[in-house]
Amino acid sequence: MIDLRESWRIGPVKVPTRVVLAPMAGVSVQAFRRQGRRFGAGLVCSEMVSCAGIEHRNERTLGYLRVASDEHPLAIQIFGSEPSVMAEAARMVAAAGADLVDINFGCPVRKVTKTGAGATLLDDSEQACRIVAAVAEAVDIPVSVKMRRGLENGSRRCLEVGPRLVAAGAQTLTLHPRSARQMYTGDADHSLTAELISLVDVPVIASGDITSRAKAQAVLATTGAAAVMVGRAAQGNPWALQEILLGEAAEPSKEEVVAELVLFMRETVRELGERRAAGFLKKFYGWYLGHGRFPRPFKQELVVLDRVAEVEARLFAAAPGARFVLQRIEAEQPIVEETLLDDMPISIYGGG
Ligand SMILES: Cc1cc2nc3c(=O)[nH]c(=O)nc-3n(C[C@H](O)[C@H](O)[C@H](O)COP(=O)(O)O)c2cc1C
């Protein structure tokens, strides 16, 4: 049995457990990452951030670079196709306080791949290496790369590209061994993860279909991965992280579910503002309240409400004891200092 509570290292960065919370676009807001850390994730990651958005100082994009003091260690993930623009984005990521800069060579979505970014770079290993080298040259923090197995089904491209990315400066690789074409269908083939690990001398994180402690143990044991990454299983379900880490199958009470959801909602409103948060949060209601925890019509009642405060009131009405659970969680939370964008050195904005 591998002890998932063991720490490991990515260069100088100490990662306290072998469970990593996956970057997920439209999901991995700060509230999600902080919650993941509380439930045992040793490393959390932002969703992918456009390097072009950073270059153009797009306000919403810069919002993704906000780091709270209780998130560390934290990776911020960037995507793009131009080495110099990626290097500049990486400098911003380091200045924002991230512990790692992660490069996305896995995104299969057309909007991204048609710009030459994401998974397409697996088919242009020269350019992929130029990006990694430029980013590694630009920052002092370690560079990591997250990738898929290749573009087409059955591709073994990651085995050719992976070692080259390490030679170019990547200090860790995460493999999601599905092809880009597969999107999220079929299974993640972790025999490929084992092959990749035999070819590189940096720690490798295994991503894909890690939904239980048994699966996590099996993947770690059969691949030699340094850690497992958990994505969809943790959506609205931080208890899955705890189960994977500690082996305690802990189905939360209704009060715990509501307390965690309300805390998540409040933090998300603070982060995104009421208007954006109201829409963003809708998918989370089903994720939290599912798993047989609440009757299905209750979720449907919530998603039609316009204001987050109304949702909160309904949740507390359904589980009044949740107020006390929430008070307890809040009392245990550390006082958080945020590196706000205003605090960043003026030089990274290019001055006035
Ligand atoms: C909604 C969603 C958004 C995702 N966004 C990203 C992303 O921004 N960057 C990335 O590298 N992977 C992204 N992924 C892939 C996950 O990080 C992970 O590799 C994949 O979901 C497989 O792990 P799982 O089976 O544990 O979900 C996303 C996955 C999902 C489901």
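Anything mentioned here points back to the structure above.
Residues numbered from 1 in each chain as written. Predicted model: local features only at pLDDT ≥ 70, side-chain atom pairs only at ≥ 80, totals over all residues. Heavy atoms only, no water.

Asks: A description of empty space enclosed by the protein should follow, citing residues and the corresponding values.
Replies: All chains considered together, the criterion is met by 3 cavities of 30 Å³ or more. Reported here for the largest cavity is a volume of approximately 80 Å³. Surrounding the largest cavity, 13 residues form its lining, L43, D102, S144, T174 and I205 being those nearest its centre. Of all the elements in the fold, those that place two or more residues in the lining of the largest cavity are β7 (100–105), β8 (143–150) and β9 (172–179). (1 Å grid on protein atoms, 1.4 Å probe; cavity = no way out; pocket = protein on both sides within 12 Å on 5 of 7 lines; lining within 4 Å. Points joined across faces, edges and corners; volume = space filled by probe spheres on them. Helix = DSSP H or I, 4+ residues; strand = E, 2+ residues; numbered from the N terminus.)

Asks: Any chance you could break down the sheet that holds β7 for me, citing the residues and the numbers?
Replies: An order of β3-β11-β10-β9-β8-β7-β6-β4 is seen for the 8 strands of this open sheet, with the pairing classed as parallel. A strand with exactly one partner marks an edge of an open sheet, and here the two such strands are β3 (19–21) and β4 (44–50). Mean inter-strand twist for the sheet, computed between neighbouring axes without regard to direction, equals 30 degrees. Here strand β10 (residues 204–207) pairs with strand β11 (residues 227–230) via 3 bridges, running parallel. In the sheet register, I205 faces β11, and the bridge partner there is A227. Helix α1 (residues 30–38) rests against β3, β4 and β6 (74–79) of the sheet, and its axis sits at about 160 degrees to β4. (Pairing = 2+ DSSP bridges. Axes fitted to C-alpha atoms, helices over the stretch in contact; angles between N-to-C directions. Contact = heavy atoms within 4.5 Å.)

Asks: Can you break down the packing of aromatic side chains residue by residue, with the values?
Replies: Aromatic ring pairs: the centre-centre distance and the angle between the two ring planes describe each pair. Throughout the structure, instances matching the rule amount to 6 aromatic pairs. Relative to F284, the ring of F264 lies with its centre 4.6 Å away and its plane at 40 degrees, an arrangement referred to as tilted. Separated by 20 residues along the polypeptide, F264 in helix α11 (residues 254–272) and F284 in helix α12 (residues 274–289) bring together distant segments of the chain. A network of ring pairs unites the aromatic residues F264, F280, F284, W287 and Y288 as a single cluster. Between the NZ or CZ atom of R323 and the centre of the ring of F316, over which it lies, the distance is 4.2 Å. (Phe/Tyr/Trp six-rings, centres within 6.5 Å; stacked < 30°, edge-to-face > 60°. Lys NZ or Arg CZ within 6 Å of the ring centre and 35° of its normal.)

Asks: Requested: an account of the nonpolar core, with residues and values cited.
Replies: Ranked by internal contacts, the top residues of the largest apolar core, which has 116 residues, are F105, L165, L173, L289 and L315. Examining the composition of this core, we find that 9 residues originate from one element, α11, more than from any other. For L315, the residues in contact, after removing those within four places along its chain, are V258, L261, V262, M265, L289, F298 and L302. With 5 residues, the next largest nonpolar core counts F79, C107, V112 and A117 among its residues. (Core = buried A, V, L, I, M, F, W, Y, C linked by side-chain atoms within 4.5 Å. Buried < 20%, exposed > 50% of the residue type's maximum accessible area, 1.4 Å probe, protein only.)

Asks: Before we move on, can you summarise the layout of surface pockets with the specific residues and values?
Replies: The calculated volume of the largest pocket comes to roughly 590 Å³. In terms of lining residues, the largest pocket is bounded by 30 residues, among which P23, M24, K146, R148 and Y184 are the most central. With 3 residues, β8 is the largest single contributor of residues to the lining of the largest pocket. Partitioned by chemical class, the residues of the lining of the largest pocket number 16 nonpolar, 9 polar and 5 charged. As a volume, the second largest pocket reaches approximately 400 Å³. What lines the second largest pocket is a set of 18 residues, and nearest its centre among them are E47, M48, Y64, F79 and K111. Elements that contribute at least two residues to the lining of the second largest pocket include exactly β4, α3 (59–63), α5 (110–113) and α12. (Nonpolar A, V, L, I, M, F, W, Y, C, P; charged D, E, K, R; others polar.)

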